[in-house]
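Structural overview
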Protein chains: 2
Amino acid sequence: MEINKIQHSKLDKVDPNNSAFGVNISDHMLICVFKDGKWGEPVIMPYGGMNYSPALMAIHYGQAIFEGMKAYKDSNDNVFLFRPEKNFERFNKSAERLAMPKITKEIFLDGLLSLIDLDRNWVPTKEGNSLYIRPTMFASEEMFSARISNEYTFAIMTSPANSYYDKPLKIKIEDYYTRAVDGGVGFTKCAGNYGASFYPTKLANEAGYDQVIWTDSKEHLYFEESGTMNVMVRIGDVLYTPPTSNTILSGITRDSLVTIAKHNKIEVKEERISVDDIFNAYKSGNLKEIFGCGTAVVINRYSHVAYRDFIMELPELDEKNSFAIFLKKQLVDLQTNKSEDPFGWRYKVEKKL
Amino acid sequence: MEINKIQHSKLDKVDPNNSAFGVNISDHMLICVFKDGKWGEPVIMPYGGMNYSPALMAIHYGQAIFEGMKAYKDSNDNVFLFRPEKNFERFNKSAERLAMPKITKEIFLDGLLSLIDLDRNWVPTKEGNSLYIRPTMFASEEMFSARISNEYTFAIMTSPANSYYDKPLKIKIEDYYTRAVDGGVGFTKCAGNYGASFYPTKLANEAGYDQVIWTDSKEHLYFEESGTMNVMVRIGDVLYTPPTSNTILSGITRDSLVTIAKHNKIEVKEERISVDDIFNAYKSGNLKEIFGCGTAVVINRYSHVAYRDFIMELPELDEKNSFAIFLKKQLVDLQTNKSEDPFGWRYKVEKKL
Ligand SMILES: Cc1ncc(COP(=O)(O)O)c(C=O)c1O
Ligand SMILES: Cc1ncc(COP(=O)(O)O)c(C=O)c1O
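Residues numbered from 1 in each chain as written. Chains lettered and ligands numbered in written order. Predicted model: local features only at pLDDT ≥ 70, side-chain atom pairs only at ≥ 80, totals over all residues. Heavy atoms only, no water.

This part covers the interface of chain A and chain B. Across the boundary between the two partners, chain A contributes 64 residues, which contact 64 residues of chain B. Around 5000 Å² of area is buried between chain A and chain B when both sides are counted, 66% of it from carbon and sulfur atoms. Counting the surface chain A buries against chain B, the share from its top three residues, A:Ile59, A:Phe144 and A:Phe198, is 15%. On the surface where chain A and chain B come into contact, there are zero salt bridges. Counting every contact that joins chain A to chain B gives 20 residue pairs in polar contact (both at pLDDT 80 or more). The set of elements that each furnish at least two residues to the side of chain A that touches chain B consists of strand E2 (28–35), helix H1 (57–61), strand E5 (64–66), helix H2 (84–97), strand E8 (130–139), strand E9 (152–161) and helix H4 (191–206) of chain A. (Contact = heavy atoms within 4.5 Å. Buried area = accessible area lost by both parts, 1.4 Å probe. Salt bridge = Lys/Arg side-chain N within 4 Å of Asp/Glu carboxyl O. Polar contact = N/O pair within 3.5 Å; in protein donor to acceptor, adjacent residues only side chain to side chain. Helix = DSSP H or I, 4+ residues; strand = E, 2+ residues; numbered from the N terminus.)

Residues and elements named next belong to chain A. Under the domain assignment used here, chain A contains domain 1 (2–161) and domain 2 (169–335). Averaged C-alpha coordinates put domain 1 and domain 2 at centres separated by 28 Å. Facing 18 residues of domain 1, the contacting portion of domain 2 comprises 20 residues. Summed over both sides, the interface of domain 1 with domain 2 buries roughly 1700 Å², with 63% coming from carbon and sulfur. If you look at where domain 1 meets domain 2, you find one salt bridge. Along the contact surface separating domain 1 from domain 2 lie eleven residue pairs in polar contact (both at pLDDT 80 or more). Within the residue set of the side of domain 1 that touches domain 2, elements represented by two or more residues are E5, strand E6 (69–73), strand E7 (79–82) and H2. (Domains from an automatic or database assignment.)

This next bit is on the site of ligand 2. Residues and elements named next belong to chain B. Close to ligand 2 lie 15 residues, the nearest being Tyr194, Glu225, Ile252, Thr253 and Thr295. Contacts to ligand 2 include Tyr194, whose side-chain N or O atom sits 2.5 Å from an oxygen atom. Contact between ligand 2 and Thr295: an oxygen atom at 2.6 Å from a side-chain N or O atom of the residue. For ligand 2, whose accessible area on its own is 390 Å², the fraction buried by protein is 95%. (Near = heavy atom within 4 Å. Areas by Shrake-Rupley, 256 points an atom, 1.4 Å probe, with all protein chains shown as cover.)

Another aspect to go through is the pattern of salt bridges. Residue and element names in this part refer to chain A. Here the structure, examined in full by the defined rule, presents 29 salt bridges over all chains. For the salt bridge of Asp255 with Arg83, the shortest nitrogen-to-oxygen distance reads 2.8 Å. In this pair, Asp255 is assigned in helix H5 (residues 252–263) and Arg83 in the loop between E7 and H2, connecting sequence segments 172 residues apart. Since its relative accessible area comes to 28%, Asp255 is described here as partly exposed. For Arg83, a relative accessible area of 9% puts it in the buried group. Via salt bridges that share partners, Arg234, Asp237 and Glu289 belong to a single interconnected network. (Buried < 20%, exposed > 50% of the residue type's maximum accessible area, 1.4 Å probe, protein only.)

Right, here's the structure in full:
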């Protein structure tokens, strides 16, 4: 792997412990180009502009996918990734559905390790902060024919991330707009899914909600996801989450929380959840918690969940009683090397460069 | 409008009458940037690379839309656009659904006219050829937060286009993959719709078909579109096409053909068309023609249409008997100033620059 180091680090101008999410991009990026049917040599270089024209095919035809992952520092300045093979696998699932070439494990994982190693000073030390990592692949041929691109660029960039402030959210159960459909691309992290969700989210914001819960495309009665998170519901002492499917992204946080919950003897049911189920549980006083989960926020609890004119108010459970708070702490402690790792999920970034 | 002309035209290396679709991009492009809540001054400049980094938000979150239109030359070297206000209106409909700012008529239309005027030597003269025009708008802020971008770039590029060879196609009626869904973005020309359609199309190609007919997302029984075209079916002497909806792009070719057909006393019904309707017509010998229509090819006739294992073979009607051939000639003659323009659709590009 070729490595072209930056002359002067931007770290004299950026405080990684005080950076809004995704705004300050770290010194280096990894770039690897697919051309003539094969991947070239990955290169680590200073982050910055490339010579793309507005005819870049990714912009016109949306062959563009990404991943979202994080690097964490423990109190001894060791740097860890979390289950990176999962992101690698999901990335290639997205690639296949978008008719893009698969990336090799070598380029993805070794590239990642070298890049994070080189920019390890960008990993924040402050509790709850982390280095957000953005692998992406996009069609980089430049022409106008609506067809599969012949060239692609794989890139990894990183950016220090504050811990999101996870105040309990007001949520609207979406009953018209659709995020994903059977036979569509909902299970992938492709660019088009996100742009399509902004307008419905904006409408929900304007109506006083922070975020939406997406429902099935046919009847808008079954929970799918929430914003860019998977969704979990606690009824009584059972934790429910919809099974992943071709309309639900297979979240790594979701999978980790399910595993941690079961490990801690919490009953988990991966089953469809309908609006009716929620109503009934609410009326009988059994609806305890609803929350979203994903890499960016880990867990975000919901205080109000509305379906049309009916607003359900959820109790704000304290540390001792909330599954959400318990599971979040378990997961974050594991990620930041504060606890044992019974599942083998931590992945140390060795100091080599 | 600022105009920075190219030093040496690429026309000494490119023959506009012999250019594969969308490959050779003309000398100039128009660029206009939206920032701080407003559009800046449009600039015409030499086509080429910009300084975008791989963190370009359009690549990550798919806020990216486009239009496809053409300029035509008549035998006196006059250059014409075709119903450009329709593309302008549709562009802004796409923009709204993708939570992007609307473009002004001035920037879109005046920009278009100046650009085509300046690059008028790129408009091919050969029969059936034209200058393809690609207006596009995309999120051009560079950061990783999954939210509506604050900056956008509007660009217009052009490229000489051969007439597509319109040999009759073999078509698969798609019964699993979905192009569009109620509450989704199917009615827009956003990037994500195209990338999502490439894989199903590739599978159809591998099974021996040229293209697919997209059906409704719920039952996969009703015709919606075909590839990147609207679809028309002739049963007996009646022309059917599904009404445009929030899952069907409102094609300008479709609208023009419907108008021309009615003007020529052909009965047109804008009604849902089911696979059953097609089967029944086929069995009774009344299924005469199925074709796709869009700016790129104008009309593409289908010779074979398959639903699962059942393949319908369509007769190849000659010039005298085919609605498709008749309508295509009517439309192209109007576009290229070979016939009267009873509808006021031609739009002359005056020589000013
Ligand atoms: C649509 C969507 N759902 C769910 C998730 C959660 O996935 P993960 O836990 O792997 O971050 C994400 C990404 O963060 C997402 O974009
Ligand atoms: C999905 C889709 N449907 C239909 C059409 C036809 O529209 P128009 O006739 O305006 O070119 C297009 C664009 O060409 C398209 O991309």
